[in-house]
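For reference, the chains in residue letters:
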Amino acid sequence: MPAGSPAGSPAVPSPGSPLGSDREIESLEEFDRVVASGSLGGYRVQSVDLTARTAELAAADTMEAVFLGCPMEPEAAAKVRAGGALVFPPVPFLPFNPYRAALYRPEELFEGLEKGYGNTPDALAYAWFERTKSDGDIFASMLRSIHDDAVSDALDELLAGRRVVGVMGGHALERGSAGYAGAARLGRALAREGLTVATGGGPGAMEAANLGAYAAPLADTMLDEALALLAGVPHFTPSVAKWAAGAFAVRAAFPGGGASVGIPTWFYGHEPPNAFASHIAKYFANATREDGLLARANAGVVFLPGAAGTVQEIFDNATPNYYQSRGEPTPMVLVNRAHWTRELPTWPLLEALAAGRPMAGRIALVDSVDEAPAALARLTAGSR
């Protein structure tokens, strides 16, 4: 029994001990493999339905195991607790799973779309967030934090070993516009270079870049056809359902698209996630979402024209590059000279900050979106 444990009480797992993802059990298949050894000691079992594994739980060593949101029979829960485990039971009546082991899929967030967007898990989670975000309920706050940490863990597992490029840009960019088509071509070009495209996961430029990544393994003509189909519903207002249904129709017409990541937030829940990102890391806390997106863009970030949100992202990314708090500066490519020098003169300030510092060789301003992949490659080569 660890020092400080009251006599007769189960040992408390050591939260600071280095376990790693190899000690996480995230599926019933993984559980069956591990429990066959006779010991679940020290493992974290995450959101696995164990109601049919009562006998296995009764026979297994569960010292310092943690069960996060795993349905199990009452006798099984009592046994594993007595054996030194912590059990965090599922939370009823929530429109989301705070202990989830994997990122969201578009089909999951938009389930029930045919009955109206308001019936989908995405809309229901947003409604719950709106009800609870300001009521001071520590339980709701805890649930949001657990959920967001679980999402971050799943995102890290997905992106481990990948070269990730961020694509940032405004949510207001409409389908059918030249800017939307350009962002889609950008996403396709980056994905075809072997990069994992990550966006803010919402509409506009974000959707376009995820669409481009989806188009990457398909015939070149697919993207033009998809753009034409999507132009019929240019924006998510007035109908999110029609807007999302258009994306799912494109995916059905052109199956086998490529993978990419969207990282949206319920903080801006009026902006729905887009259905072209194959993996969606949706957060309640926008600050966690934005910092996490930029921090994981280890191959650089391309900034398309945008407004206040995109300007904020530029300097959120520039600050760790300036101080080298994440190591060597990563490439930053700003697209559209007129936008970033005259309309929103962000480039002169970024250039002034970079002067005389290592990040000076990691920033570039280009006129058109089609120049961005080459600029990114040039900055990347210069960092080697």
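Remember, it's a predicted structure, so these values are computed and weren't measured experimentally.

What follows concerns unusual backbone geometry. For residues that are not glycine, phi is negative in most cases, and the peptide bond is trans in most cases. The omega torsion of the bond from Thr237 to Pro238 falls at 10 degrees, within 30 degrees of zero and hence cis. Relative to the assigned elements, Pro238 resides in the loop between α9 (220–230) and α10 (240–253). Of note in this structure, Gln324 is not a glycine but carries a positive phi near 55 degrees. Note that Gln324 resides in the loop between α12 (308–323) and β10 (332–335). Classification of Gln324 as partly exposed rests on a relative accessible area of 31%.

Residue alternation in strand β11 (residues 363–366) divides its side chains into two sets, Ile363 and Leu365 and Ala364 and Val366, and both sets are buried. Sheet analysis places β10 next to β11, joined by four bridges and oriented parallel. Opposite Leu334, over in β11, you have Leu365 as the bridge partner.

Packing of α9 against α10 leaves a shortest axis separation of 10 Å and a crossing angle of 150 degrees. Put simply, α9 runs roughly antiparallel to α10. Taken as a pair, α9 and α10 cross one another with a handedness that is right-handed. Note on element contacts: α10 touches α9 through Gly246, Ala247 and Val250, opposite Met222, Ala226, Leu229 and Leu230. Residue composition of the contact of α9 with α10, by class: six nonpolar, one polar and no charged.

The seven strands lie next to each other as β8-β7-β6-β5-β9-β10-β11, forming an open sheet whose pairing is parallel. In this open sheet, the two strands that pair with only one neighbour each are β8 (279–280) and β11. The strands touched by helix α8 (residues 205–215) are β5 (164–168), β6 (196–199) and β7 (261–262); relative to β6, the strand with the most contacts, the crossing angle is about 165 degrees.

To continue, consider the environment of Ala360. Along the chain, the position of Ala360 falls in the loop between α14 (346–354) and β11. Of the residues examined, Ala360 reaches a relative accessible area of 37% and is grouped as partly exposed. For the pair Ala360 and Leu350, spaced ten residues apart in sequence, the C-alpha separation works out to 9.1 Å.

This brings us to the environment of Glu24. Along the polypeptide, Glu24 turns up in strand β1 (residues 24–25). For Glu24, a relative accessible area of 15% translates into the label buried. Along the sequence, Glu24 and Ala125 sit 101 residues apart, while their C-alpha atoms lie 26 Å from each other. When neighbours within four sequence positions are excluded, Glu24 is seen to be in contact with Glu30, Arg44, Gln46, Asp153 and Glu157.

Our next topic: the pattern of salt bridges. Taken as a whole and judged by the stated rule, the model has twelve salt bridges. A salt bridge links Arg296 to Asp156, with the nearest nitrogen and oxygen atoms 2.9 Å apart. Of this pair, Arg296 sits in helix α11 (residues 286–296) while Asp156 sits in helix α6 (residues 138–159), and the two are 140 residues apart along the sequence. Looking at Asp156, the relative accessible area reads 42%, which means it is partly exposed.

Attention shifts here to the environment of Arg192. Following the sequence through the fold, Arg192 ends up in helix α7 (residues 178–192). Along the backbone, Arg192 and Asn321 are 129 residues apart, and their C-alpha atoms lie at a distance of 26 Å. Contact partners of Arg192, with chain neighbours within four places excluded, come to Ala215, Ala216, Leu218, Ala219 and Asp220. At a separation of 2.9 Å, a polar atom in the side chain of Arg192 contacts the side chain of Asp220.

It is worth spelling out helix α5 (residues 121–132) at this point. Its twelve residues give α5 an end-to-end C-alpha distance of 16 Å, which sits within 8% of 16 Å, the value for a rise of 1.5 Å per residue. On its buried face, α5 is in contact with α4 (106–109) and α6.

This part covers the packing of aromatic side chains. Using the criterion set out here, one finds twelve aromatic pairs in the structure. Taking 4.9 Å as the distance between ring centres and 65 degrees as the angle between the ring planes, the aromatic pair formed by Phe96 and Trp128 counts as edge-to-face. With Phe96 in the loop between β4 (86–88) and α4 and Trp128 in helix α5, the pair connects residues that are 32 residues apart, well separated along the chain. Joined through ring pairs, the aromatic side chains of Phe96, Tyr104, Trp128, Phe129, Trp266 and Phe284 make up one cluster. In this structure, Arg100 packs its charged tip against the face of Tyr104, placed 3.7 Å from the ring centre.

On average, residues of the chain score 93 in pLDDT, and 94% of them are at 70 or above. Within the model, the stretch residues 1–19 combines pLDDT values under 50 with 21 contacts to residues more than four positions away or in other chains.

All right, on to the nonpolar core then. In terms of nonpolar packing, the biggest core is built from 42 residues, with Leu211, Met222, Leu304 and Val333 touching the most fellow members. Elements with a contribution of two residues or more to this core: β5, α7, α8, α9, α10, β10, β11 and α15 (372–382). The next biggest cluster of nonpolar side chains, apart from the first, holds 29 residues, and it includes Leu155, Tyr283, Ile363 and Leu365.

What counts and how
Residues numbered from 1 in each chain as written. Predicted model: local features only at pLDDT ≥ 70, side-chain atom pairs only at ≥ 80, totals over all residues. Heavy atoms only, no water. Helix = DSSP H or I, 4+ residues; strand = E, 2+ residues; numbered from the N terminus. Buried < 20%, exposed > 50% of the residue type's maximum accessible area, 1.4 Å probe, protein only. Pairing = 2+ DSSP bridges. Axes fitted to C-alpha atoms, helices over the stretch in contact; angles between N-to-C directions. Parallel < 35°, antiparallel > 145°, perpendicular 65-115°, else oblique. Left-handed = near helix turned anticlockwise from the far one by under 90°. Contact = heavy atoms within 4.5 Å. Nonpolar A, V, L, I, M, F, W, Y, C, P; charged D, E, K, R; others polar. Salt bridge = Lys/Arg side-chain N within 4 Å of Asp/Glu carboxyl O. Polar contact = N/O pair within 3.5 Å; in protein donor to acceptor, adjacent residues only side chain to side chain. Expected span 1.5 Å × (residues − 1). Phe/Tyr/Trp six-rings, centres within 6.5 Å; stacked < 30°, edge-to-face > 60°. Lys NZ or Arg CZ within 6 Å of the ring centre and 35° of its normal. pLDDT = per-residue confidence, 0-100. Core = buried A, V, L, I, M, F, W, Y, C linked by side-chain atoms within 4.5 Å.

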